[in-house]
Amino acid sequence: MIKKKILVTGGAGFIGGNFVQYMVEKYPEYEIFNVDVLTYAGDLTKHQAIEKQGNYHFVKADIVEQDVIHSLFEKEKFDFVVHFAAESHVDRSITDPGIFVQTNVIGTQVLLEAARRVGITKFVHISTDEVYGELDFDPTTFFTEDTPLKPNSPYSASKASSDLLVRAYHETYGLPVNITRCSNNYGPYHFPEKLIPLTISRVLTDEKVPVYGEGQNIRDWLHVFDHCVAIDVVLHKGVGGEVYNIGGNNERTNLEVVKTIIQALGKSEELIEFVEDRLGHDKRYAIDSTKLKQLGWNPSFTFETGIIQTIQWNIVNEEWWKQIISGQYQTYFNKQYSI
Ligand code: NAD
Ligand code: TYD
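Residues numbered from 1 in each chain as written. Chains lettered and ligands numbered in written order. Predicted model: local features only at pLDDT ≥ 70, side-chain atom pairs only at ≥ 80, totals over all residues. Heavy atoms only, no water.

(A) Focus on the environment of P139. Within the secondary structure, P139 is located in the loop between strand 5 (122-128) and helix 6 (154-173). For the pair P139 and T305, spaced 166 residues apart in sequence, the C-alpha separation works out to 23 Å. (Helix = DSSP H or I, 4+ residues; strand = E, 2+ residues; numbered from the N terminus.)

Listed below in structure tokens is the structure:
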């Protein structure tokens, strides 16, 4: 058995949380350290089942705090870093961009510097397809790893900036890095500010679902489990310095996604409310994942199987999202939407 120490940042959030659970179960010989400051998007109740396992540790810390992060690296001597921690919601970046620069840019640089000083085997930076900007509606066009970075939102601009720092640490210091750029995720423990969990929770409570503009913008959807498997593949097999795109090949307009959920729950499409469009709303994202597939990765969920599993998860785990939407989330929702 090869023992490894893995630092996962943002492991109390949606994707990082799923990844922590996946790794703790799959690699009992690895020690997983979840470092998270617990913003509004962080929640530890999801980890109750793994908390007692000896190979899981939680450290409450802010990745921007250089002294704290450097001391942690010196103490634990991590082999791998998988960096998820970020401000992740485009709408919040439009109303309050500053924190996105702090966490996503400065926080990433602090981690890179700590990793460089102690020396690590692999730093996987979890980025997003949104750094490439937008595609038009021509279905034959896709983002490849060579597509130029042209981010449009403060969120994607902050992620692109962090990607450039990761690249620079590889080119300048030889830090062994990979960058992954994934399309939109969905699945268990998805915070109900994003389109799919927002729609599921509101349809379940018979409330209006806000759809921006005419609902014709297109996203490519990947189940979070398939994203976790892809990161595992990149962590263990990714070639140093390389970027890997991750996509689901499940392009849907937002209106199609919302209608699929409404139909699956047997509710009326009258719940749909078209609202003012998002500023600078990216038209379409679509991914070419050929490079990652060459490492042996393939998604296991289709959108049809994944969305039903996700709806069922939200029905069974109603307590989890109801507790979120009853708190400060209401203030956010009322400020963001006038429905
Ligand atoms: P999330 O918002 O659900 O979780 C983010 C986590 O980071 C939270 O637990 C939060 O507490 C933590 N965090 C925030 N600031 C921190 C700080 N300063 N120090 C320590 N912890 C901090 O996000 P997510 O949707 O799980 O996304 C995770 C990563 O994946 C992000 O880097 C995001 O850019 C990327 N990504 C997300 C998607 C998607 O569809 N959600 C798609 C592609 C890539
Ligand atoms: P979102 O889940 O915020 O992810 P991203 O902006 O990172 O792609 O949004 C997905 C799509 O759904 C995007 O085109 C915006 C749209 N959308 C709505 O129409 N209404 C909403 O209330 C939200 C949150 C998103």
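(B) Quick peek at the site of ligand 1. Taken together, 29 residues lie around ligand 1, and I15, D36, S88, Y155 and K159 are the ones closest in. Residue D36 places a side-chain N or O atom 2.6 Å away from an oxygen atom belonging to ligand 1. Within the contact set of ligand 1, an oxygen atom lies 2.9 Å away from a backbone nitrogen or oxygen of F84. Starting from 850 Å² of accessible surface for ligand 1 in isolation, the protein chains cover 96%. Contributing elements (two or more residues each) for the shell around ligand 1: helix 1 (14-26), strand 5, helix 6 and strand 7 (184-186). Looking at side-chain class alone, the shell around ligand 1 contains 14 nonpolar, 11 polar and four charged residues. (Near = heavy atom within 4 Å. Polar contact = N/O pair within 3.5 Å; in protein donor to acceptor, adjacent residues only side chain to side chain. Areas by Shrake-Rupley, 256 points an atom, 1.4 Å probe, with all protein chains shown as cover. Nonpolar A, V, L, I, M, F, W, Y, C, P; charged D, E, K, R; others polar.)

(C) Just the nonpolar core, in detail. Among the nonpolar cores identified, the biggest contains 34 residues, and I6, F19, M23, V82 and L292 are the most heavily contacted of them. The set of elements that each furnish at least two residues to this core consists of strand 1 (4-9), helix 1, strand 2 (30-36), strand 4 (80-83), strand 5, helix 8 (224-237) and strand 10 (243-246). A per-element tally of this core places helix 8 first, with eight residues. When sequence neighbours within four positions are dropped, the list of residues in contact with I6 reads M23, Y30, E31, I32, F33, F78, F80, V82 and L235. Among the nonpolar cores identified, the runner-up in size contains 32 residues, and L7, L72, I179 and I287 belong to it. (Core = buried A, V, L, I, M, F, W, Y, C linked by side-chain atoms within 4.5 Å. Buried < 20%, exposed > 50% of the residue type's maximum accessible area, 1.4 Å probe, protein only. Contact = heavy atoms within 4.5 Å.)

(D) The arrangement of the packing of helix 3 (residues 66-76) against helix 5 (residues 98-118) in detail. Relative to each other, helix 3 and helix 5 sit at 35°, their axes nearing to 9 Å. The two elements helix 3 and helix 5 meet at a crossing, and its hand is right-handed. Together, Q66, I69, H70, F73 and E74 of helix 3 and V110, L111, E113, A114, A115, R117 and V118 of helix 5 make up the contact between the two elements. Its residues assigned to classes, the contact of helix 3 with helix 5 comprises seven nonpolar, two polar and three charged. (Axes fitted to C-alpha atoms, helices over the stretch in contact; angles between N-to-C directions. Left-handed = near helix turned anticlockwise from the far one by under 90°.)

(E) Looking closely at helix 5. The first and last C-alpha atoms of helix 5 sit 30 Å apart over 21 residues, in line with the 30 Å expected at 1.5 Å per residue. The largest bend in helix 5 comes to about 25°, at G107. Those residues of helix 5 not exposed but buried are F100, T103, N104, V105, G107, T108, V110, L111, L112, E113, A114 and A115. Its buried side turned inward, helix 5 meets strand 1, helix 3, strand 4, helix 4 (90-95), strand 5 and helix 6. (Expected span 1.5 Å × (residues − 1). Bend = angle between axes of the 7 residues up to and from the residue.)

(F) Local environment of the sheet that holds strand 1. The seven strands are arranged 3-2-1-4-5-6-10 in an open sheet whose pairing can be described as parallel. With one partner strand each, in any of the chains shown, strand 3 (56-60) and strand 10 form the two edges of the open sheet. Across this sheet, the average inter-strand angle for adjacent strands is 20°, counted without regard to direction. Relative to the sheet, helix 1 contacts strand 1, strand 2, strand 3 and strand 4, its axis offset from that of strand 2 by approximately 165°. Set on the sheet, helix 8 makes contact with strand 1, strand 2, strand 4, strand 5, strand 6 (177-182) and strand 10; between it and strand 5 the angle comes to about 145°. (Pairing = 2+ DSSP bridges.)

(G) Here's a closer look at the packing of aromatic side chains. Tallying each qualifying case throughout the model produces 23 aromatic pairs. Relative to F84, the ring of F19 lies with its centre 5.4 Å away and its plane at 50°, an arrangement referred to as tilted. Here F19, found in helix 1, pairs with F84, found in the loop between strand 4 and helix 4; they are 65 residues apart in sequence, far enough to count as distant. Across the pair, exposure class does not vary: F19 and F84 are buried alike. With centroids separated by 6.4 Å and ring planes inclined at 40°, the aromatic side chains of F143 and Y285 adopt a geometry described as tilted. Of this pair, F143 sits in the loop between strand 5 and helix 6 while Y285 sits in the loop between strand 12 (272-275) and helix 10 (290-293); the two residues are 142 residues apart in sequence, bridging distant segments of the chain. Here F143 matches Y285 in class, with each residue buried. (Phe/Tyr/Trp six-rings, centres within 6.5 Å; stacked < 30°, edge-to-face > 60°.)

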